[in-house]
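# A look at the structure
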Number of protein chains: 2
Amino acid sequence: MTAPKVKAPKKGKAQDFVLKTPKGTKDWADKDMVLREAIFGTLSNLFKKHGGVTIDTPVFELREILTGKYGEDSKLIYNLEDQGGELTSLRYDLTVPFARFVACNNIAAIKRYHIAKVYRRDQPAMTKGRMREFYQCDFDIAGNYDTMVPDSEILALLCDGLNGLGIQDFKVKLNHRKILDGIFQACGVKDEDVRKISSAVDKLDKSPWEAVKKEMVVEKGQSEEVADKIGEFVKHNGSIREVLEYLNSSELLKSNESAQKGIEEMTILADYVDAFDISKFLSFDLSLARGLDYYTGLIYEAVTAASAAPENAAELKAKNSDKDEDASAYVGVGSIAAGGRYDNLVGMFSNGKSIPCVGVSFGVERLFSIIKSRANLENVSANHTDVYVMAFGGGEGWNGFLKERMEVTNKLWKAGINAEYLYKGKANIRKQFDAAEKAGAKLAVILGKEEYPAGQLRIKVLGQGQENEGDLIQAEDLIETVKSQLKTDVDDITRIIKGL
Amino acid sequence: MTAPKVKAPKKGKAQDFVLKTPKGTKDWADKDMVLREAIFGTLSNLFKKHGGVTIDTPVFELREILTGKYGEDSKLIYNLEDQGGELTSLRYDLTVPFARFVACNNIAAIKRYHIAKVYRRDQPAMTKGRMREFYQCDFDIAGNYDTMVPDSEILALLCDGLNGLGIQDFKVKLNHRKILDGIFQACGVKDEDVRKISSAVDKLDKSPWEAVKKEMVVEKGQSEEVADKIGEFVKHNGSIREVLEYLNSSELLKSNESAQKGIEEMTILADYVDAFDISKFLSFDLSLARGLDYYTGLIYEAVTAASAAPENAAELKAKNSDKDEDASAYVGVGSIAAGGRYDNLVGMFSNGKSIPCVGVSFGVERLFSIIKSRANLENVSANHTDVYVMAFGGGEGWNGFLKERMEVTNKLWKAGINAEYLYKGKANIRKQFDAAEKAGAKLAVILGKEEYPAGQLRIKVLGQGQENEGDLIQAEDLIETVKSQLKTDVDDITRIIKGL
């Protein structure tokens, strides 16, 4: 993006400012836009496949709605200026507006998806895909259902979604807030300290245990003994059944009600993820804590080697091929999708009458970077133009057939065919072919100086060299001929995402 | 929308506030959302048909970008709070951000469409579809082309778009800023008064001539004679060629350079709209002025009888059927799409290096109201669920086949089929059928207590009464059978918009 210093002349009053988008925002256009639209399309279809309906909520909410939901991160919320009337702020995520929507409309059960922008006054890191304005793609299930049934479907949807986007080398780390809280309690953490110890543990994917232990002991007032006990637990990960076996063997957890409840739920989950055939993607990881306060049950986070270190992705993938892999091979990379169960958030908006919810949010900007690095965008055009209508002629009395090109193009439009022509009265052949190529057109429909008045048109498949003159057809066969030549087997989304 | 007074319990600190969306905004969900998505889909396809590419710009812009573009309406701009850093405001339309985008990225030519929300601190009138947050659907052509060629295509696109949305009874009023300004000059208005006289004329669709004349004379300092001369011109409307004939016969305009330039352009346009076969929708109306300052050439506005007074729409339509109809039959209703040529806006951002532009904006909220009143939404489901997977059984040892339903549903998902099942371990038959109906499913796949273990499934077309038990098939034929039963000829968008 260029950022020229501009003097905009405006009724004598010159304006001096840098012409750019605000910090942490950007324009999306061209092939990037096509790729992002393809990702949105794939995810929308996925959400619909699971019975999702979409909603649209305002970009800003009453400020009170957002207050007290994001802990320390509340400072990142964008406020609108007080111009009289209500105080409002830009939404920070799609989850709190969803809970507000459910409470507001007295909804008892819904599966909703929402693909929309959210806003955070964060320090932007464009190269890592961290922006101040960015998209989230969320799917959430609200309603009272049997334990772990919607939760397991969300996991199936998550795995199916990443696969559908061409990502195979990912791992979904799972944990359960009730187990985690139970571990903290059983290790001797006081109830009021549980959340802050949890957020220390949350840093284990970026920091070594020694640093996290130091935070617990020095900053957060736990004894060395408590920290070491926690350290013993959180180093465990593996398949759901493996980690359950370890937890069930723990004497310390036997009498902890919260942990036992969580273990019971994870035991049920193990069966369901088998039914969905996704166990191979999952890793029960006792060090996963997730930042947000509002989670109450199962939590998860999908990570991939490729999102951080593409240069050694092959090596990690090879490592990944033996069965005893552990998730630590993926540590340090940002999550590409995450979520969990939050049973009390709706209740905060509806006098405590709560609706249990579970959901997942796909991190589109990171997915975009991964997919872009793999996709073959060379043959992708931002246009969807199929046909370019041209006129060939010259010499005496040649008027360029502008009106005739308009008429033929109009016929194509009426038949639902994407078509363009050059906006010039007289256009030379070279310029028309250049424009057709730029528009990504597949076919040229050519009006010849002699042929067209005789009721004939020429159809030429583009991109096959100049020697081919195209086929002469009767003007009345235009639509039929064009339609049959444009037929294709592979839809756009598949083609772009799979890099075909 | 209910607005309960809520006491949200939050760590001992009770919050008192009305649970609602901010003033002038609303949640979109359910069938309204499906209909709106169908409208967006139709317009996107239309824009692609004409070679459009889409872009995405930030919801807020640097405040300077918006300053001095909207005249009096600038007071309606939403500002973001100054939280340190740049001063920003929510976008007011999509045209100024587009011009900023073109200048910013040094684009010489683009056909772009943009479907996105804009923000105006207006007095909301929800029943009339006037909101503070609302969608615009814009298509613009930027670039140096032959006179009136892109302009005529925009008009063709506008007519095709309204037809595609099932709207036939509309009229596109046309005028030309150069002609209008020439008329004012020729009638004796000083150059510095032209814009304010233009905005008085703009009120002619809502106010009688006497009121507009009074505004010109009393408020805007013109003589009675000047006002009467203007009044003589602006009462004319009809086909492009009819009004051109009138203008060409005017002695007053003969020596006015601006008017002659406009007349020349409209003469060219008359030919092109014939080529696109849209003359029947057009009315050259000298009273059309349009509010915004930035227009420099052709301006237009589509109006329909149905958008304001559905009760006498039939009468108006009948009146409309004789050839001498005039656009006054439609006066008083809000425009459903509008636009024009603005050749200098990009130049305001790029040191005067201007790129000529012409575009149209569809008023989606008004179109939504019209289409909703005509559409048959009864059979429309917000879900896209095709198949509901159920288990039938009971008696001793009956476990509800939950895992089995998960496995069968997963097979459908893997085959790309939209499918749901009840999130209950044991579910009775009635509840499963109710849920299937609510989800709008077309087929039920039934796992019978005896049949399923024998490798068989039952497929039942839903909505055909209870007596039909469905067809028994082999489990391995599931996907093929379901796919062949789900085939349909009419796509969703067509079905919804045409009310099928």
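What you see is a predicted model; the values in this text were computed from it and never measured.

## A short note on the overall build of chain A
- Each helix and strand in chain A was counted, giving 16 helices and 18 strands.
- Of the contacts made within chain A by residues no fewer than 6 positions apart, 70% connect residues no fewer than 24 positions apart.
- Of the roughly 20,900 Å² that chain A leaves accessible, carbon and sulfur atoms contribute 48%.

## Considerations on the pairing of strand E16 (residues 443-448) of chain A
Residue and element names in this part refer to chain A.
- Burial within E16 is extensive, with six of its six residues counted as buried.
- Residues Leu-443, Val-445 and Leu-447 line one face of E16 and the alternating positions Ala-444, Ile-446 and Gly-448 line the opposite face, and both faces are buried.
- Judged from the four bridges that link them, E16 and strand E17 (residues 456-461) form a sheet pairing that is antiparallel. Bridged to Val-445 within E17 is Ile-459.

## Some thoughts on the relation of the copies chain B and chain A
- Here chain B sits on chain A after a turn of 180° about the axis and a move of 0.0 Å along it, with an RMSD of 0.0 Å. As the rotation angle and translation indicate, the two copies are arranged about a two-fold axis.
- Here 99% of the contact residues of chain B are again contact residues in chain A; the copies associate through an equivalent surface.

## Regarding the pattern of salt bridges
All names here are of chain A.
- Taken as a whole, this structure holds 64 salt bridges over all chains when the rule is applied.
- Note that Asp-32 and Lys-372 form a salt bridge whose closest N and O atoms lie 2.9 Å from each other. Residue Asp-32 is found in helix H1 (residues 30-49), and its partner Lys-372 is found in helix H12 (residues 364-374); the two are separated by 340 residues along the sequence.
- The class of Lys-372 is partly exposed, set by a relative accessible area of 36%.

## Remarks on the packing of aromatic side chains
- According to the stated counting rule, one finds 37 aromatic pairs over all chains in the structure shown.
- Between Tyr-78 of chain A and Phe-60 of chain B the ring centres are 5.3 Å apart and the planes differ by 45°, which places this aromatic pair in the tilted class. In this pair, Tyr-78 of chain A sits in the loop between helix H2 (63-66) and strand E5 (88-90) while Phe-60 of chain B sits in strand E4 (residues 60-62), so the two residues belong to two different chains.
- You can call Tyr-78 of chain A buried: its relative accessible area is 5%.
- Each residue in the set Phe-47, Tyr-113, Phe-139 and Phe-362 of chain A is aromatic and connected to the rest through ring pairs, giving one cluster.
- The ring of Trp-28 of chain B carries Arg-36 of chain B above its face, with NZ or CZ at 4.2 Å from the centroid.

## Description of the sheet that holds strand E8 (residues 170-176) of chain A
Residues and elements named next belong to chain A.
- A sheet is described by the order of its strands in space; here nine strands give the open sequence E3-E6-E7-E13-E12-E11-E8-E10-E9, paired in mixed fashion. The sheet is open, and its two borders are formed by strand E3 (53-54) and strand E9 (237-238), each paired with just one other strand.
- Here ten bridges tie strand E6 (residues 110-119) to strand E7 (residues 133-142), and the two strands are oriented antiparallel to one another. Within the sheet, the bridge partner assigned to Tyr-119 lies in E7 and is Glu-133.
- Strands in contact with H1 are E6, E7 and strand E13 (357-362); relative to E7, the strand with the most contacts, it is inclined by about 5°.

## A closer look at the packing of helix H4 (residues 149-164) of chain A against helix H10 (residues 257-275) of chain A
Residues and elements named next belong to chain A.
- Direction vectors running N to C along H4 and H10 enclose 45°, while the axes themselves pass 9 Å from each other. Between H4 and H10, the interaxial angle falls into the category oblique. For the pair H4 and H10, the sense of crossing is right-handed. Side by side, H4 and H10 meet where Val-149, Ser-152 and Leu-155 of the first sit next to Leu-269, Tyr-272 and Val-273 of the second.

## Thoughts on the side chain of Asn-383 of chain A
- Here Asn-383 of chain A lies in the loop between H12 and strand E14 (387-392).
- The class for Asn-383 of chain A is buried, based on a relative accessible area of 18%.
- Within polar-contact distance, the side chain of Asn-383 of chain A engages the backbone oxygen of Gly-51 of chain B at 3.1 Å.
- When neighbours within four sequence positions are excluded, Asn-383 of chain A is seen to be in contact with Glu-420, Lys-438 and Ala-439 of chain A together with Gly-51 and Val-53 of chain B.

## Brief notes about the environment of His-114 of chain B
All names here are of chain B.
- Its place among the elements puts His-114 in strand E6 (residues 110-119).
- According to the relative accessible area criterion, His-114 is buried, its value standing at 3%.
- When the C-alpha positions of His-114 and Phe-47 are compared, they lie 9.4 Å apart, and in sequence the two are 67 residues distant.
- When sequence neighbours within four positions are dropped, the list of residues in contact with His-114 reads Thr-54, Ile-55, Asp-56, Thr-57, Arg-91, Leu-94, Gln-136, Cys-137 and Asp-138.
- Within the structure, His-114 has its side chain in polar contact with the backbone oxygen of Ile-55 (distance 3.5 Å).

## Observations concerning the interface of chain B and chain A
- With 109 residues of chain B at the interface, the matching set in chain A holds 108 residues.
- Summed over both sides, the interface between chain B and chain A buries roughly 9,300 Å², with carbon and sulfur atoms accounting for 56% of that surface.
- Our count for the contact surface shared by chain B and chain A stands at twelve salt bridges.
- A salt bridge links Asp-56 of chain A to Lys-117 of chain B; its shortest N-O distance comes to 2.8 Å.
- Inspection of the chain B/chain A interface yields 42 residue pairs in polar contact (both at pLDDT 80 or more).
- Here the side of chain B that touches chain A takes seven residues from helix H13 (residues 402-414) of chain B, the largest share from any one element.
- Of the residues in the side of chain B that touches chain A, the class split is 45 nonpolar, 28 polar and 36 charged.

## Remarks on empty space enclosed by the protein
- The final tally for this structure, using the stated rule, is four cavities of 30 Å³ or more.
- As a volume, the largest cavity reaches approximately 70 Å³.
- If you trace the largest cavity, you find it lined by Thr-25, Lys-26, Trp-28, Arg-36, Lys-117, Met-131, Glu-133, Phe-134, Tyr-135 and Glu-365 of chain A together with Asp-56 of chain B.
- When residues of the lining of the largest cavity are assigned to their parent elements, the largest contribution, three residues, is made by E7 of chain A.
- Along the lines of polarity and charge, the residues of the lining of the largest cavity split into four nonpolar, one polar and six charged.

## Thoughts on the sheet that holds E14 of chain A
All names here are of chain A.
- The mixed open sheet is built from five strands, whose spatial order is E15-E14-E16-E17-E18. In this open sheet, the two edge strands, each paired with only one partner strand, are strand E15 (419-421) and strand E18 (471-474). In this sheet, neighbouring strand axes are inclined to one another by 30° on average, regardless of whether the strands run parallel or antiparallel.
- In the sheet, E14 pairs with E16 via six bridges, with the strands oriented parallel. Each bridged residue has a counterpart across the sheet, and for Ala-391 the counterpart in E16 is Leu-447.
- Along the sheet, helix H13 (residues 402-414) makes contact with E14, E15 and E16, crossing E15 at roughly 170°.
- Packing against the sheet, helix H14 (residues 429-438) makes contact with E14 and E17, and its axis sits at approximately 180° to E14.

## Some words on unusual backbone geometry
- Backbone geometry at Phe-401 of chain A places phi at a positive 55°, although glycine is not the residue there.
- Here Phe-401 of chain A is to be found in the loop between E14 and H13.
- The phi dihedral of Asp-277 of chain B is positive, around 60°, even though this residue is not glycine.
- Relative to the helices and strands, Asp-277 of chain B is located in the loop between helix H10 (257-275) and strand E10 (282-285).

## Details of the confidence of the model for chain A
- With 88% of its residues at a pLDDT of 70 or more, chain A has an overall mean of 88.
- Under a pLDDT of 50 for its full length, residues 307-333 of chain A has, in the predicted model, 32 contacts with residues more than four places off or in other chains.

## Concerning the UniProt feature "binding site: L-histidine" (unreviewed entry) in chain A
Residue and element names in this part refer to chain A.
- Here the UniProt feature "binding site: L-histidine" (unreviewed entry) sits at Asp-93, Leu-94, Thr-95, Arg-120, Gln-136, Asp-140, Arg-290, Tyr-294 and Tyr-295.
- Along the polypeptide, Arg-290 turns up in the loop between strand E10 (282-285) and strand E11 (298-304).
- Its relative accessible area of 15% is what places Arg-290 among the buried residues.
- In contact with Arg-290, not counting residues within four places along its chain, are Arg-177, Asp-202, Tyr-295, Ile-299, Tyr-300, Glu-301, Ala-338 and Gly-339.
- Engagement of the side chain of Tyr-294 in a polar contact is seen with the side chain of Asp-93, the distance being 3.3 Å.

## As for the packing of helix H5 (residues 177-187) of chain A against helix H6 (residues 194-201) of chain A
All names here are of chain A.
- Where H5 meets H6, the closest approach of the two axes is 10 Å, and the angle between their N-to-C directions is 110°. Taken together, the axis directions place H5 and H6 in an arrangement best described as roughly perpendicular. Here Arg-177, Leu-180, Asp-181, Phe-184 and Gln-185 of H5 come into contact with H6, specifically with Val-194, Arg-195, Ile-197, Ser-198 and Val-201.
- When grouped by side-chain class, the residues that make up the contact of H5 with H6 number five nonpolar, two polar and three charged.

## Details of helix H9 (residues 240-248) of chain A
Residues and elements named next belong to chain A.
- Taken as a whole, H9 has its buried residues at Ile-240, Val-243, Leu-244 and Leu-247. Each buried residue of H9 lies within a common arc of 105° when the element is viewed along its axis, so the set occupies one face.
- Check the buried side of H9 and you find it contacts E8, H5, helix H8 (224-234), E9, H10 and E10.

The rules behind these values
- Residues numbered from 1 in each chain as written.
- Chains lettered and ligands numbered in written order.
- Predicted model: local features only at pLDDT ≥ 70, side-chain atom pairs only at ≥ 80, totals over all residues.
- Heavy atoms only, no water.
- Helix = DSSP H or I, 4+ residues; strand = E, 2+ residues; numbered from the N terminus.
- Contact = heavy atoms within 4.5 Å.
- Areas by Shrake-Rupley, 256 points an atom, 1.4 Å probe, with all protein chains shown as cover.
- Buried < 20%, exposed > 50% of the residue type's maximum accessible area, 1.4 Å probe, protein only.
- Pairing = 2+ DSSP bridges.
- Least-squares fit on C-alpha atoms with pLDDT ≥ 70 in both.
- Salt bridge = Lys/Arg side-chain N within 4 Å of Asp/Glu carboxyl O.
- Phe/Tyr/Trp six-rings, centres within 6.5 Å; stacked < 30°, edge-to-face > 60°.
- Lys NZ or Arg CZ within 6 Å of the ring centre and 35° of its normal.
- Axes fitted to C-alpha atoms, helices over the stretch in contact; angles between N-to-C directions.
- Parallel < 35°, antiparallel > 145°, perpendicular 65-115°, else oblique.
- Left-handed = near helix turned anticlockwise from the far one by under 90°.
- Polar contact = N/O pair within 3.5 Å; in protein donor to acceptor, adjacent residues only side chain to side chain.
- Buried area = accessible area lost by both parts, 1.4 Å probe.
- Nonpolar A, V, L, I, M, F, W, Y, C, P; charged D, E, K, R; others polar.
- 1 Å grid on protein atoms, 1.4 Å probe; cavity = no way out; pocket = protein on both sides within 12 Å on 5 of 7 lines; lining within 4 Å.
- Points joined across faces, edges and corners; volume = space filled by probe spheres on them.
- pLDDT = per-residue confidence, 0-100.
- UniProt positions renumbered as here; feature names shortened; annotations may be inferred.
- Arc of directions from axis to C-beta.

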